[in-house]
Amino acid sequence: MTDQKPETYSLTAYATEAPSNPLTPATIDRREPTDLDVQIEILYCGVCHSDIHFARNEWGFTQYPAVPGHEIVGRVTQVGSKVTKFKVGDLAGVGCMVGADMSCPHCKAGNEQYSPTMVGTYGSTEPFIGGPTFGGYSENIVVNEHFALRVPENLDLAGVAPLLCAGITTYSPLRYWQVGPGQKVGVVGLGGLGHMAVKFARAFGAHVVVFTTSPSKKEDAMRLGAHEVIVSRNEEEMQAHTGTFDFILDCVSAEHDLNAYLAMLTVEGKMAIVGAPDKPLPVAVFSLIMGRKTLGGSMIGSIGETQEMLDFCGQHGITSDIEMIRMDQINEAYERMLKSDVKYRFVIDMATLKA
Ligand code: NAP
Ligand code: ZN
């Protein structure tokens, strides 16, 4: 990136020190903005289920203290001398990545998210000052301008925050696998990711069907854009749809039976996983070979595609359905998410961080 060794400054965040500890107020350090950095005052931060996996070290790579949060929107408060994309006062967003070498084949192909050098907003090592990268449950963030997104001015800012992860994570596979008119598309799990998948699949013109374990979400699913809802624990409802789906997007955060959904695919149907449970999910090969089916996966999306998604949302008036919380409600919010009790994304009002 650059040989500059920046100074650091201290700020307030919410952090956890160990997998079973709650999140509590903490002081962390960030680098002072370098020539190509912007500093963003964080106004809202979405709460992704990945924040829980990460805070509790369920994926096994968490460095502590851990500061989650990668659905960040706010206002630019400082710009480095070589920054051209933003000026002080602009709205800006930051998602799950804050860096990459930009020179490897994946970066050159416009897929920074798959670069081996990708730096996560949290869960990576800070490339300039060392130590863990700290996420958005904090006063502000410093990021290379390439990894900051322009935010449409016409949308509710709190409802935009979840687009930076839940939005792009569902938009990208639906685009990559070319979901559109004439297709029957399933969305498994109506949480933060799932509800955005429903909105996008509907906007792309598909026939959208939600699979949920929560019968109480049926009406919401239809309001969000689904044409049909299947309660996945109801065998009869499941059987009625066997072999009929062109594409299924799996947004589930916990262990579940993939084979039950592969059976829903038509011949040459495709299923992509974006949910990231900590345990392996067994696949019976016959679920795939009977009908030449494809099972794939997808991680967030590139910066270019994230900007495309935000612009698309601006044009179509798409935001996340949110429940605003105070920073000190974060531990309770995690417990509610684990019970699938979120409609459909918690967003932290960061003005409450120091309240
Ligand atoms: P979320 O809001 O908690 O939603 C997860 C949904 O999964 C729940 O609302 C529930 O939907 C369903 N579910 C939960 N437990 C279940 C179980 N035991 N069996 C079946 N269904 C269950 O989580 P999220 O923020 O959308 O994240 C979902 C997953 O995606 C997480 O694992 C997260 O880490 C991962 N993720 C991946 C990426 C990526 O780049 N691939 C990016 C962001 C997040 P119903 O009530 O409708 O059943
Ligand atoms: Zn996320």
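Whatever comes next refers back to the structure up there.
Residues numbered from 1 in each chain as written. Chains lettered and ligands numbered in written order. Predicted model: local features only at pLDDT ≥ 70, side-chain atom pairs only at ≥ 80, totals over all residues. Heavy atoms only, no water.

Novice: I'd like a description of helix H5 (residues 192-203), backed by residues and values.
Specialist: In this model H5 runs 17 Å from its N-terminal to its C-terminal C-alpha over 12 residues, within 8% of the 16 Å that 1.5 Å per residue would give. Within H5, 10 of the 12 residues are buried, which leaves it mostly tucked inside the rest of the structure. Among the residues trailing H5, Gly-205 stands out with phi positive, at a value near 95 degrees. (Helix = DSSP H or I, 4+ residues; strand = E, 2+ residues; numbered from the N terminus. Expected span 1.5 Å × (residues − 1). Buried < 20%, exposed > 50% of the residue type's maximum accessible area, 1.4 Å probe, protein only.)

Novice: I'd love a proper account of the site of ligand 1, names of residues and values included.
Specialist: The full set close to ligand 1 counts 30 residues, and Thr-212, Thr-213, Ser-214, Lys-217 and Arg-345 are the nearest of them. One of the side-chain N or O atoms of Ser-214 is found 2.5 Å from an oxygen atom in ligand 1. For ligand 1, whose accessible area on its own is 930 Å², the fraction buried by protein is 91%. Breaking the shell around ligand 1 down by element, the ones donating at least two residues are helix H1 (49-55) and H5. Counting residues per element, the shell around ligand 1 draws most heavily on H1, at 3 residues. Looking at the shell around ligand 1, its residues break down into 13 nonpolar, 14 polar and 3 charged. Per-domain counts for the shell around ligand 1 show at least three residues from each of domain 1 (8-165 + 321-352) and domain 2 (166-297). (Near = heavy atom within 4 Å. Polar contact = N/O pair within 3.5 Å; in protein donor to acceptor, adjacent residues only side chain to side chain. Areas by Shrake-Rupley, 256 points an atom, 1.4 Å probe, with all protein chains shown as cover. Nonpolar A, V, L, I, M, F, W, Y, C, P; charged D, E, K, R; others polar. Domains from an automatic or database assignment.)

Novice: Quick one: what's the story with helix H4 (residues 166-176), residue by residue and with numbers?
Specialist: An α-helix turns once every 3.6 residues. As a result, residues three or four positions apart point the same way. In terms of burial, H4 is largely enclosed, as 9 of its 11 residues are buried. Of the residues making up H4, those classed as buried are Ala-166, Gly-167, Ile-168, Thr-169, Thr-170, Tyr-171, Ser-172, Pro-173 and Leu-174. A positive phi of about 55 degrees marks Gln-178, the residue just after H4.

Novice: Please set out the nonpolar core residue by residue, giving values where relevant.
Specialist: One recurring pattern in soluble globular proteins: nonpolar side chains tend to sit buried together. Residues Ile-40, Val-47, Tyr-137, Phe-200 and Ile-330 are the most contacted members of the largest nonpolar core, which totals 93 residues. Broken down by element, the residue count for this core peaks at 6 residues, all from H5. Inspection of this core shows a minimum of three residues originating in each of domain 1 (8-165 + 321-352) and domain 2 (166-297). Core analysis: the next-biggest nonpolar cluster, separate from the first, contains 15 residues, Val-188, Phe-211, Leu-262 and Met-271 among them. (Core = buried A, V, L, I, M, F, W, Y, C linked by side-chain atoms within 4.5 Å.)

Novice: Which residues make up the pattern of salt bridges, and what are the values?
Specialist: Within this structure, the stated rule accounts for 16 salt bridges. For Lys-82, the salt bridge identified is with Asp-35, shortest N-O distance 3.5 Å. Taken as a pair, Lys-82 in the loop between strand E4 (72-79) and strand E5 (91-94) and Asp-35 in the loop between strand E2 (24-31) and strand E3 (37-46) lie far apart in primary sequence, 47 residues in all. In this structure Lys-82 comes out as exposed when scored by relative accessible area, which is 53%. On the basis of relative accessible area, Asp-35 is assigned to the partly exposed category, the value being 24%. Between Glu-268 and Arg-292 there is a salt bridge, with its nearest N and O atoms 2.5 Å apart. Residue Glu-268 is found in strand E14 (residues 265-273), and its partner Arg-292 is found in the loop between helix H9 (285-289) and strand E15 (294-297); the two are separated by 24 residues along the sequence. Connected through shared salt-bridge partners, Lys-199, Asp-220, Arg-223, Asp-321 and Lys-343 make up one network. (Salt bridge = Lys/Arg side-chain N within 4 Å of Asp/Glu carboxyl O.)

Novice: Before we move on, could you go through the packing of aromatic side chains and cite the residues and values that matter?
Specialist: Under the criterion given, the structure shown has 12 aromatic pairs. Consider the rings of Phe-211 and Tyr-261, whose centres lie 5.1 Å apart with planes at 85 degrees: the pair is edge-to-face. Remark: Tyr-261 occurs in helix H8 (residues 258-262) and Phe-211 occurs in strand E11 (residues 207-212); sequence separation between them is 50 residues. By the burial criterion, Phe-211 is buried, and Tyr-261 matches it. Joined through ring pairs, the aromatic side chains of Tyr-171, Phe-200, Phe-204 and Phe-312 make up one cluster. Positioned above the aromatic ring of Phe-204, the side-chain terminus of Arg-175 is 3.8 Å from the ring centre. Taking NZ or CZ as reference, Arg-175 lies 5.4 Å from the ring centre of Phe-312, over its face. (Phe/Tyr/Trp six-rings, centres within 6.5 Å; stacked < 30°, edge-to-face > 60°. Lys NZ or Arg CZ within 6 Å of the ring centre and 35° of its normal.)

Functional significance is not addressed by these values, which are geometric in nature.
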